[in-house]
Amino acid sequence: MAGNSGGVQSVERAFELLELIGRAGGECSLSHLSAESPLPPPTIHRLLRTLVGIGYVRQLPNRSYALGPRLIRLGEVANRQLGAVAAPVLTSLVAELSETASLAVLDGDMVIYVAQVPSPHSMRTNNEVGRRVTMHNTAVGKAVLAELDDARILKHVTQAGLTAATERSITSLSGVFAAVEQVRAEGVATDEQEYEVGVCGIAVAVPGAPTPMAVGISGPVARFDDDLRARAVGALRAAAGTISEALIGARES
């Protein structure tokens, strides 16, 4: 089979190293890669040398390795394509719920908005595409956190810090893990004025996504009554399923 050939295996291994560097926050040492990867150190070093040579990895003055500049262009294109996939789904959400709908993806130790359709109301939230936000105090962020294992959650949250954007923000690791367990149990994440005073959010993770991501709505607290919340959960789950099917179908094709 082709998957057993040396060339294809090298490609798979190279991408595994890129993933490991990404999970480490975009920069890590050779010793870290050796500890996290089952590959022998000479193989890791050889693959890194190749990736550095073509610009997908760069070696820093302290001898650690970071994701390279050529990945930026690929990431921008991928985000645009993801936004195009999500746009009609978000449009349908806004038509049904009349609140701003967004798609956010894990980006280092934060999440980044890659698509948004604004609410028709004059008073609305604006999650600009390209905006990065913390995970512990946003609905989309919590939904993404709940998709990660506890070790990765600890690492991401520790590196990003537990900033208190409002007096309602979670400011302790125990609080983060309690929130994550609630999201895992209920399948839905909320932001109760934790990132911005007067603004609430609801989000669910996109199942089976190649990169952890979540779809959510946000808007003024005055409009986030029990009726909207109840309708939003079902609508968001359906939207997440539609995006998941589109991504999985594209990947399989």
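For the protein chain, the name recorded in an unreviewed UniProt entry is IclR family transcriptional regulator, with Gordonia amicalis as its organism.

Caption draft 1: Looking closely at the sheet that holds strand β3 (residues 65–67). Overall, antiparallel pairing links the three strands, which are arranged β1-β3-β2 in an open sheet. With one partner strand each, in any of the chains shown, β1 (27–28) and β2 (57–59) form the two edges of the open sheet. Here three bridges tie β2 to β3, and the two strands are oriented antiparallel to one another. Considered in β3, the bridge of R58 is made with A66. Sheet contacts for helix α3 (residues 41–53): β2 and β3; angle to β2, the most-contacted strand, approximately 100°.

Caption draft 2: Structural detail: the sheet that holds strand β4 (residues 100–107). A sheet is described by the order of its strands in space; here six strands give the open sequence β6-β5-β4-β9-β8-β7, paired in antiparallel fashion. Edge positions in the sheet fall to β6 (132–133) and β7 (189–192), since each of these pairs with one other strand and no more. Taken together, the seven bridges between strand β8 (residues 199–205) and strand β9 (residues 213–220) define a ladder with antiparallel strand orientation. Each residue of the ladder has a partner; that of V204, found in β9, is V215. In the packing of helix α4 (residues 70–97) onto the sheet, contacts are made with β4, β5 (110–117) and β9, and the angle to β5 comes to roughly 60°.

Caption draft 3: Molecular detail of the pattern of salt bridges. Tallied over the entire structure, the rule returns eight salt bridges. Note that R223 and E99 form a salt bridge whose closest N and O atoms lie 2.6 Å from each other. Residue R223 is located in the loop between β9 and α8 (226–252), and its partner E99 is located in the loop between α4 and β4; the two are separated by 124 residues in the primary sequence. Residue class for R223 comes out partly exposed when judged on its relative accessible area of 23%. Take E99: its relative accessible area is 2%, and that puts it in the buried class.

Caption draft 4: Geometry of the pairing of β5. Most of β5 sits out of view: eight of its eight residues are buried. As defined by bridge partners, β4 adjoins β5 across seven bridges and the pair is classed as antiparallel. From the neighbouring strand, A101 faces β5, where its bridge partner is V117. Alignment of β5 against β6, held across two bridges, turns out to be antiparallel. When the bridges of β6 are listed, I112 appears paired with R132.

Caption draft 5: Spatial organisation of the nonpolar core. Counting 32 residues, the largest nonpolar core has L93, L103, V215 and I217 as its most contacted members. At the level of secondary structure, the elements contributing two or more residues to this core comprise α4, β4, β5, β8, β9 and α8. In terms of residue count, α8 provides more of this core than any other element does, eight residues in total. Residues contacting I217, with those up to four places away along its chain left out, are L97, E99, T100, A101, C200, G201, I202, F224, L228, A232 and L236. One finds V111, L148, V157 and V183 within the second-largest nonpolar core, a separate group that totals 23 residues.

Caption draft 6: The arrangement of the environment of S31 in detail. Mapped onto the fold, S31 is located in helix α2 (residues 30–36). For S31, a relative accessible area of 54% corresponds to the exposed category. The spacing of S31 and P41 is ten residues in sequence and 8.5 Å in space, taken between C-alpha atoms. In terms of polar contacts, S31 uses its side chain to reach the side chain of S29, at 2.9 Å.

Scoring rules and cut-offs
- Residues numbered from 1 in each chain as written.
- Predicted model: local features only at pLDDT ≥ 70, side-chain atom pairs only at ≥ 80, totals over all residues.
- Heavy atoms only, no water.
- Pairing = 2+ DSSP bridges.
- Helix = DSSP H or I, 4+ residues; strand = E, 2+ residues; numbered from the N terminus.
- Contact = heavy atoms within 4.5 Å.
- Axes fitted to C-alpha atoms, helices over the stretch in contact; angles between N-to-C directions.
- Salt bridge = Lys/Arg side-chain N within 4 Å of Asp/Glu carboxyl O.
- Buried < 20%, exposed > 50% of the residue type's maximum accessible area, 1.4 Å probe, protein only.
- Core = buried A, V, L, I, M, F, W, Y, C linked by side-chain atoms within 4.5 Å.
- Polar contact = N/O pair within 3.5 Å; in protein donor to acceptor, adjacent residues only side chain to side chain.

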